[in-house]
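Structure assessment
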Amino acid sequence: MSDKQLHPETLALHAGYRNDPTAKSVAVPIHQTTSYQFDSAEHAANLFALKEFGNIYTRIMNPTNDVLEQRLAALEGGVAALCVSSGQSAATLAILNLCSAGDNFVTSTDLYGGTWNLFANTFKQMGIEARFVDPADPESFRAATDEKTRLYFAETLPNPKLNVFPIKEVADIGRELGVPLIVDNTAAPLICRPFDHGAAVVMYSTTKYIAGHGTSVGGVIIDGGNFDWEAQGDRFPTLNKPDASYHGAVWTEAVKPLGPIAYIIRARVTLLRDIGSASSPFNAWQIIQGLETLPLRMRQHCENAEKVVAFLQSHDKVASVTYPSVQEGEAKRRAETYLKGGNGGLVGVELAGGLEAGRTFIDSLELLYHVANIGDARSLAIHPASTTHSQMTPEEQAAAGVSAGYVRLSIGIEHADDIIADIEQALAKV
Ligand code: PLP
């Protein structure tokens with residue numbers, strides 16, 4: 001059976017691995033090794049020249065990481081993937097794979113605070129300009145595009161606003177202008193498939209829902225194989241001009257016989273080789289263990305979150321609740337268009353008592369953890385203004401939708417009644 005015929009529940013358990021050819025182990029082995037014995041001098045030379053594919057050194061590839069890469073590519077409907085050490089590393093490599101000093105990219109303002117910092121400060125230091133635009137109007141991406149624009153970037157379901165990004169609208173503008181859309185789908189695995197709506201590349205912090213157990217930091221870049229890098233003239237010199245770091249290889253030409261994987265191969269054999277933010281095989285193995293139950297967990301996250309939202313909406317100490325299914329107008333339309341089978345596990349709540357109420361609520365929680373994370377199987381809560389978004393200016397916080405009394409909940413897979421009981425007792429103390 002081909003992966004295309006199988007459902008996510010089956011792919012999460014089977015894609016990319018059947019059994020180990022020597023030990024016949026059914027569980028994926030951890031290949032905790034740095035290097036791999038070459039068969040001969042010729043074999044080694046062929047591997048280095050990319051005449052033959054095989055393992056050389058774990059900074060660039062590893063068989064355990066490879067299973068995770070194949071499994072995530074299959075689940076996402078992409079052609080190939082690259083696992084790296086964190087979500088931040090995934091965003092960094094995904095962008096550096098197309099942008100050099102003097103280039104720019106256009107990004108949604110609705111971003112994780114760490115991504116905002118990477119774009120606004122670290123990329124600026126490298127001479128790469130991030131142009132921030134409001135995703136409420138997809139046309140703002142077109143307006144910010146020029147001949148040095150290498151990509152568009154957005155999160156599917158960005159918190160705190162939880163306004164679903166207009167993926168098709170912006171991907172279509174990009175395809176018209178020859179600019180690929182990269183989507184961070186960290187908060188919406190399985191419930192949104194950005195490739196189905198025209199995205200060219202998808203990335204995740206696998207630290208979150210993909211792993212689910214909260215033991216391992218990781219990231220992945222997945223190539224949709226659906227963007228024509230060659231048709232865009234001079235826009236993508238990293239892919240379709242000779243690469244001085246790889247004896248003049250032109251990636252779009254060099255990998256053609258292997259399929260439309262120029263983007264992801266170049267990210268691996270030049271950027272990961274040089275920057276070195278590799279995934280440890282042990283972390284990849286841990287993330288595989290989590291991934292096997294992702295379809296079950298996502299269903300429970302979504303079901304529980306809807307119940308928590310219904311409870312919060314009827315509570316007199318709650319000023320407003322943010323969640324895709326209770327939004328209105330265009331935001332609701334986008335949620336209904338892009339999210340299928342659930343609206344995710346993230347819930348925003350604005351307490352009527354403002355900042356003090358928010359802090360007291362957080363301090364009063366007994367079951368929910370107060371942590372800087374999302375997508376764990378356990379329920380989590382945080383006050384973004386004083387934590388995840390605290391390095392932003394008040395104006396930047398406002399643009400990102402962070403108000404003083406806003407609390408972000410990441411609803412886990414415990415029994416919904418127990419989650420609600422904890423929230424109820426904490427609200428009683430406010
Ligand atoms: N993208 C999103 C949407 C995130 O929430 C995070 C982390 O919270 C990241 C990327 C960065 O991921 P990591 O912490 O794995 O580097």
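Everything here concerns the structure above.
Residues numbered from 1 in each chain as written. Predicted model: local features only at pLDDT ≥ 70, side-chain atom pairs only at ≥ 80, totals over all residues. Heavy atoms only, no water.

Along helix α7 (residues 167-177), the residues classified as buried are Ile167, Val170, Ala171, Ile173 and Gly174. An end-on view of α7 places all buried positions within 160 degrees of arc, on one side of the element. Summarising the contacts, the buried residues of α7 are in contact with α6 (139-143), β4 (149-155), β5 (181-184) and α13 (329-338). Residue glycine 178 follows α7 closely and has a positive phi angle near 80 degrees. (Buried < 20%, exposed > 50% of the residue type's maximum accessible area, 1.4 Å probe, protein only. Helix = DSSP H or I, 4+ residues; strand = E, 2+ residues; numbered from the N terminus. Arc of directions from axis to C-beta. Contact = heavy atoms within 4.5 Å.)

On to the packing of α7 against α13, then. Running from N to C, α7 and α13 point in directions that differ by 80 degrees, and their axes come no closer than 10 Å. With respect to α13, the element α7 is oriented roughly perpendicular. Note on element contacts: α13 touches α7 through Glu330, Arg333 and Tyr338, opposite Ile167, Lys168 and Glu169. Split into classes, the residues belonging to the contact of α7 with α13 amount to 2 nonpolar, no polar and 4 charged. (Axes fitted to C-alpha atoms, helices over the stretch in contact; angles between N-to-C directions. Parallel < 35°, antiparallel > 145°, perpendicular 65-115°, else oblique. Nonpolar A, V, L, I, M, F, W, Y, C, P; charged D, E, K, R; others polar.)

Let's shift gears to the packing of aromatic side chains. Within this structure, the stated rule accounts for 14 aromatic pairs. Ring centres 5.6 Å apart and planes at 75 degrees place the aromatic pair phenylalanine 141 and phenylalanine 165 in the edge-to-face group. Of this pair, phenylalanine 141 sits in helix α6 while phenylalanine 165 sits in the loop between β4 and α7, and the two are 24 residues apart along the sequence. Across this residue pair, the class does not change: phenylalanine 141 and phenylalanine 165 are buried. (Phe/Tyr/Trp six-rings, centres within 6.5 Å; stacked < 30°, edge-to-face > 60°.)

Turning our attention to the pattern of salt bridges. On inspection of all chains with the given rule, the structure shows 21 salt bridges. Among the salt bridges present, the one from lysine 256 reaches glutamate 230, with a minimum N-O distance of 3.2 Å. Taken as a pair, lysine 256 in the loop between α9 (251-254) and α10 (262-275) and glutamate 230 in the loop between β7 (219-223) and α8 (237-240) lie far apart in primary sequence, 26 residues in all. Classification of glutamate 230 by relative accessible area gives partly exposed; the value is 36%. A salt bridge links arginine 378 to aspartate 376, with the nearest nitrogen and oxygen atoms 2.6 Å apart. (Salt bridge = Lys/Arg side-chain N within 4 Å of Asp/Glu carboxyl O.)

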